[in-house]
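Now for the letters of each chain:
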Amino acid sequence: MGPKYAGYQCWRDLLFVHWKVDPEVIQQRLPDGLEVETFDGSAWLGVVPFSMERIRPWWSPPLPGISWFLETNLRTYVRHQNGETGVWFFSLDATNFVAVTVAKKIWHLNYRMAPLSMKKVDRHIHYSGNLTANEYHLEIELPTETALKTSVEGTIDHFLLERYRLFAQRRDGRFFTGLVHHEPYQFKVPEIQKLRQQITDQVCPDIANKGPAHLAWSPGVDIAVSKLEFI
């Protein structure tokens, strides 16, 4: 009997920034076999920068220079034709060459090398990335008077945050699915101090200068990762 999980990770300082998008705009960018998932009639496009830490396979401890890096995802939410729902990534930018190479080969995800940064000063956190035309600069302030909370099933918070399945596709068109396992996110709603971004242009250029419809920040979760499986 093999190991229960393929590996382990820690996700820290996650910022979830989401815009409402016409479902048809998203659907046109999805591969055959996936249908855009909506909430209150809208599709949602998210930018999620965070710190990836202590990444390791089940048989190894974390390794310096490999197991810590920054990542930013551009994602939406979909339903496979088998009825399962999950996350579809349009892009995943990261600062570690080994991680990008391995993830592209094993996970069949659109990982890209990119210069990213995260700076924390007291309650202020500044996230930035610059990959040709897909740059972004996000600065938030965390409120002191607001306690962390968890989402309630049926709310937009739960729809956007509590996602435990991803989909990926090989070049031959065959889909994979993978599961992550973690406690529900604890989060609070930060205040935006600065927002300038073009990373969403690769999917929907019309929202680059619009404020997000949903915003959340979480200190992070510890992750167990299951093996990818063919659908």
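Parameters at a glance
Residues numbered from 1 in each chain as written. Predicted model: local features only at pLDDT ≥ 70, side-chain atom pairs only at ≥ 80, totals over all residues. Heavy atoms only, no water. Helix = DSSP H or I, 4+ residues; strand = E, 2+ residues; numbered from the N terminus. Rg over C-alpha atoms; globule rule 2.2 N^0.38 Å. Buried < 20%, exposed > 50% of the residue type's maximum accessible area, 1.4 Å probe, protein only. Contact = heavy atoms within 4.5 Å. Areas by Shrake-Rupley, 256 points an atom, 1.4 Å probe, with all protein chains shown as cover. Lys, Arg positive; Asp, Glu negative; His and termini not counted. Charge placed at Lys NZ, Arg CZ, Asp CG, Glu CD. Pairing = 2+ DSSP bridges. Axes fitted to C-alpha atoms, helices over the stretch in contact; angles between N-to-C directions. Patch = residues over 30% accessible without salt bridge, like charges linked within 9 Å, V, L, I, M, F, W, Y side chains within 5 Å. Salt bridge = Lys/Arg side-chain N within 4 Å of Asp/Glu carboxyl O. Arc of directions from axis to C-beta.

### So, the overall build of the chain
- Per the secondary structure count, the chain includes 3 helices and 14 strands.
- Here the C-alpha atoms of the chain give a radius of gyration of 17 Å, agreeing with the 17 Å that 2.2 N^0.38 yields for 231 residues.
- Taken along its principal axes, the extent of the C-alpha atoms in the chain is 50 × 40 × 40 Å.
- In the chain, buried positions account for 51% of the 231 residues.
- Taking the contacts inside the chain whose residues are at least 6 apart along the sequence as the reference set, 68% of them involve residues at least 24 apart.
- If you sum the accessible surface of the chain, you get close to 11,600 Å²; carbon and sulfur atoms cover 51% of it.
- For the chain, the distance from the average position of its 25 positive side-chain charges to the average position of its 26 negative side-chain charges is 7 Å.

### A look at unusual backbone geometry
- Positive phi, normally seen in glycine, also occurs at Asp-40, with a value near 55°.
- Here Asp-40 shows up in the loop between strand E2 (34-36) and strand E3 (43-57).
- Given the relative accessible area of 71%, Asp-40 is considered exposed.
- Positive phi outside glycine occurs at His-108, with the angle close to 55°.
- Within the secondary structure, His-108 sits in the loop between helix H2 (97-107) and strand E6 (111-113).
- Assessed through its relative accessible area of 26%, His-108 is described here as partly exposed.

### As for the sheet that holds strand E8 (residues 124-129)
- The 4 strands are arranged E7-E8-E9-E12 in an open sheet whose pairing can be described as antiparallel. This sheet does not close on itself; its edge strands, each paired only once, are strand E7 (116-121) and strand E12 (191-197). Pairwise comparison of adjacent strand axes, ignoring direction, gives a mean angle of 5° for this sheet.

### What to know about a nonpolar patch on the surface
- There is a patch of nonpolar side chains on the surface, built from Leu-63, Ile-66, Phe-97, Val-98, Val-102, Ile-106 and Met-113 and spanning about 600 Å² of accessible area.
- Residue contributions to the nonpolar patch peak at 4 residues, all from H2.
- Exposure remark for Ile-66: the relative accessible area of 35% places this residue in the partly exposed category.

### A word on the environment of Thr-85
- Tracing the sequence through the fold places Thr-85 in strand E5 (residues 85-94).
- Measuring from C-alpha to C-alpha, the distance between Thr-85 and Pro-31 comes to 15 Å, with 54 residues separating the pair along the chain.
- Filtering out sequence-adjacent residues up to four positions away, Thr-85 remains in contact with Glu-37, Val-78, Arg-79, Arg-163, Arg-165 and Phe-167.

### Some details on the environment of Val-225
- Mapped onto the secondary structure, Val-225 falls in strand E13 (residues 214-225).
- For Val-225, a relative accessible area of 4% gives the class buried.
- Note: C-alpha distance between Val-225 and Ile-207 (18 residues apart in sequence) is 33 Å.

### Brief notes about H2
- Burial in H2 covers these residues: Ala-99, Val-100 and Ala-103. The buried residues of H2 all sit within an arc of 100° when viewed along its axis, so they share a single face. Structural note: H2 exposes Phe-97 and Lys-105 on the side pointing more than 90 degrees away from its buried face.
- Among the structural elements, strand E4 (69-80), E5 and E6 are those in contact with the buried residues of H2.
- Phi for His-108, located one or two positions after H2, is positive at around 55°.

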